[in-house]
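Here's the letter readout for the chains.
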Amino acid sequence: MAGFSKNDWVKHVKMEPLDVEICDVTLRDGEQTPGVSFTKEEKMEIARTLDEIGVEVIEAGFPVVSQGEKDAVKAIARMGLDAKICCLARAVKEDIDAVLDCDADIVGIFMGTSELHLKYKHKKTQEEAIDCMVTALEHAKRHGLVVRFAAEDSTRTDLEFLKRFYKAGEEAGADYVSIADTVGAMNPTTMKYLVSEIRKAVSIPVCVHCHDDLGLAVANTLAAAEAGARQLHTTVNGIGERAGNAALEEVLMGLLIHYNVDRYDTARLKGLSDMVARYSGIAVAKNKAVVGANAFAHESGIHIAALLENDRTYELYSPELVGGSREFILGKHSGSKALCYMARQMGYTLSQAETSLILEEIKRLSDMKKSLRKEELAELISRTLADEKLSMTKA
């Protein structure tokens, strides 16, 4: 039966229950991974699975970039999903009109707010940036869109200007303000501080969009949730520009283990991960949390012996909880309990002498950097027993 160990340490920390929703941006930011391009049909299949998992908002694309992108977003918007469909737009009328053509529910309007972005990318003053964003927001609201008012490179923006920027959005009718850690500059402590400060400045929900340049995107996203951020942005397998984004599967399992947010169908995560890896061409690292090939693979004899008694001993949560499966791999750290268990699973009952003989061969192979999975072990057992029988016949 699928189960998990909770982080019981949270009872020692004063914390309000989380009020969060997931906005998955795999189909937009994930597709901005160098070399990645999804077909319309692939996007629709990914969107359907995200919806089945219970993701509340799906950012389906950036419609202005091409007709093909617009067609795919429009198809997703017409699938009848429970999830709200969101699109990205620059603070220009043309981008927002493209979103309107797609029948989307939400538009994420963005503009860089850091000194670097204002000076070198937009060539605008702070006031010009606010005016441009507010004009775009008002156009979107006149046409019935829910608006996410986003500051790109928020985390390298002067705090007082950032507050003023978001306040202008709120006063003009924005439904959300969005903090983007565009180059992954934050850590959990500074993210909690920033979210807390922005929540003091505005009364509408705060979103967070974290990049993984320092490997902190998931930690920063969960820290933002603790500080009261409402909408958390993710991508499947953490794909995205450069080092990627906060990984959906890690965020959802973090929400479950640490904060008891249990409304998502996590059993579909492994299948979704495999799908996105196949469609994107971006392989998942073997040691990737939650969905990697080694996430539930064990070689240590001490570990396997304990797991055979109770699987919580060396697994925080059951593989079934995320649609994965447990695997025992035999190598030089393995012992007789693991070998005999795996042998019985394949229909072999080994004597003590046979166990010792096969373990000796396993350790020899392991010293040659060769570990044995189930199929290879079956071949080794069969060969060893055949050789032993032949030896006895000759004797």
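Residues numbered from 1 in each chain as written. Predicted model: local features only at pLDDT ≥ 70, side-chain atom pairs only at ≥ 80, totals over all residues. Heavy atoms only, no water.

1. Some remarks on the packing of helix H12 (residues 336–345) against helix H13 (residues 352–367)
- Contact geometry of H12 with H13 gives a least axis separation of 10 Å together with a crossing angle of 105°. Between H12 and H13, the angle falls in the class roughly perpendicular. Contact residues: Ser336, Leu339 and Cys340 in H12; Thr355, Ile358, Leu359 and Ile362 in H13. (Axes fitted to C-alpha atoms, helices over the stretch in contact; angles between N-to-C directions. Helix = DSSP H or I, 4+ residues; strand = E, 2+ residues; numbered from the N terminus. Parallel < 35°, antiparallel > 145°, perpendicular 65-115°, else oblique. Contact = heavy atoms within 4.5 Å.)

2. Topic: the side chain of Ser280
- Mapped onto the elements, Ser280 comes out in helix H10 (residues 269–280).
- Residues contacting Ser280, with those up to four places away along its chain left out, are Val36 and Phe38.

3. With respect to the packing of aromatic side chains
- Across all of its chains, the model carries six aromatic pairs by this definition.
- Their ring planes at 75° and their centres at 6.2 Å tell us that Phe62 and Phe110 sit as a pair that is edge-to-face. With Phe62 in the loop between strand S2 (57–61) and helix H2 (67–77) and Phe110 in strand S4 (residues 106–112), this residue pair connects regions lying 48 residues apart in the sequence.
- Looking at Phe62, the relative accessible area reads 14%, which means it is buried.
- Note on Phe296 and Tyr317: the rings are 5.6 Å apart at their centroids and 80° apart in plane angle, and the pair reads as edge-to-face. One end of the pair, Phe296, is in the loop between H10 and strand S9 (297–298); the other, Tyr317, is in the loop between helix H11 (301–309) and strand S10 (327–328), with 21 residues separating them in the sequence. (Phe/Tyr/Trp six-rings, centres within 6.5 Å; stacked < 30°, edge-to-face > 60°. Buried < 20%, exposed > 50% of the residue type's maximum accessible area, 1.4 Å probe, protein only.)

4. Quick notes on the sheet that holds strand S7 (residues 206–210)
- Ordered by their spatial adjacency, eight strands build a closed barrel running S1-S2-S3-S4-S5-S6-S7-S8, and the pairing between neighbours is parallel. Pairwise comparison of adjacent strand axes, ignoring direction, gives a mean angle of 25° for this sheet.
- Relative to S2, strand S1 (residues 21–24) runs parallel, the two sharing two bridges. Within the sheet, the bridge partner assigned to Asp24 lies in S2 and is Ile58.
- Strands in contact with helix H5 (residues 126–142) are S4 and strand S5 (146–152); relative to S4, the strand with the most contacts, it is inclined by about 170°. (Pairing = 2+ DSSP bridges.)

5. Let's talk about H11
- Where H11 is concerned, the buried positions are Gly301, Ile304, Ala306 and Leu307.
- Looking at the buried positions of H11, the neighbouring elements they touch are S9, S10 and H12.

6. Topic: unusual backbone geometry
- One non-glycine residue, Lys123, adopts positive backbone phi at about 55°.
- Mapped onto the fold, Lys123 is located in the loop between helix H4 (115–122) and H5.
- Overall, the relative accessible area of 64% leaves Lys123 in the exposed class.
- Despite not being glycine, Val290 shows a phi value in the positive range, around 75°.
- When you line up the elements, Val290 lands in the loop between H10 and S9.
- Judged by its relative accessible area of 7%, Val290 falls in the buried class.

7. Re the confidence of the model for the protein
- Scored by pLDDT, the protein comes out at a mean of 93, with 97% of its residues at no less than 70.
- With pLDDT under 50 throughout, residues 390–395 is counted as low confidence; its partners more than four residues away or in other chains account for zero contacts. (pLDDT = per-residue confidence, 0-100.)

8. Quick word on the side chain of Asp51
- Tracing the sequence through the fold places Asp51 in helix H1 (residues 40–53).
- Only 2.8 Å separates the side chain of Asp51 from the backbone nitrogen of Ala83, close enough to count as a polar contact.
- Apart from the residues lying within four places of it in its own chain, the contact partners of Asp51 are Ile58, Leu81, Asp82 and Ala83. (Polar contact = N/O pair within 3.5 Å; in protein donor to acceptor, adjacent residues only side chain to side chain.)

9. Some details on the pairing of strand S3 (residues 84–90)
- For S3, the buried fraction is high: five of the seven residues fall into the buried class.
- The pairing of S2 with S3 spans four bridges and is parallel. Bridge assignment links Ile58 to a residue of S3, and that residue is Ile85.
- A crossover links S2 with its parallel partner S3, the connecting element being H2, and its sense is right-handed.
- As defined by bridge partners, S3 adjoins S4 across five bridges and the pair is classed as parallel. The partner of Ala89 across the bridge, within S4, is Ile109.
- Remark: the S3/helix H3 (residues 93–101)/S4 crossover connection has right-handed handedness. (Right-handed = clockwise from strand over helix to strand, strands pointing away.)

10. A word on the pairing of S2
- Counting buried positions along S2 yields five of five residues, so the element is predominantly enclosed.
- As a crossover connection, the stretch from S1 through H1 into S2 is right-handed.

11. Examining the pattern of salt bridges
- In total, this model carries 33 salt bridges according to the counting rule given.
- Between Arg28 and Glu59 there is a salt bridge, and its shortest N-O distance comes to 2.6 Å. Taken together, the residues span a long stretch of sequence, with Arg28 in the loop between S1 and H1 and Glu59 in strand S2 at a distance of 31 residues. Across the pair, exposure class does not vary: Arg28 and Glu59 are buried alike.
- Put simply, Lys163 and Glu197 hold a salt bridge, and the shortest N to O gap is 2.9 Å. With Lys163 in helix H6 (residues 159–171) and Glu197 in helix H7 (residues 188–201), this residue pair connects regions lying 34 residues apart in the sequence. Like Glu197, Lys163 is buried.
- Within the structure, one salt-bridge network assembled from shared partners comprises Arg28, Asp29, Glu59 and Arg148. (Salt bridge = Lys/Arg side-chain N within 4 Å of Asp/Glu carboxyl O.)

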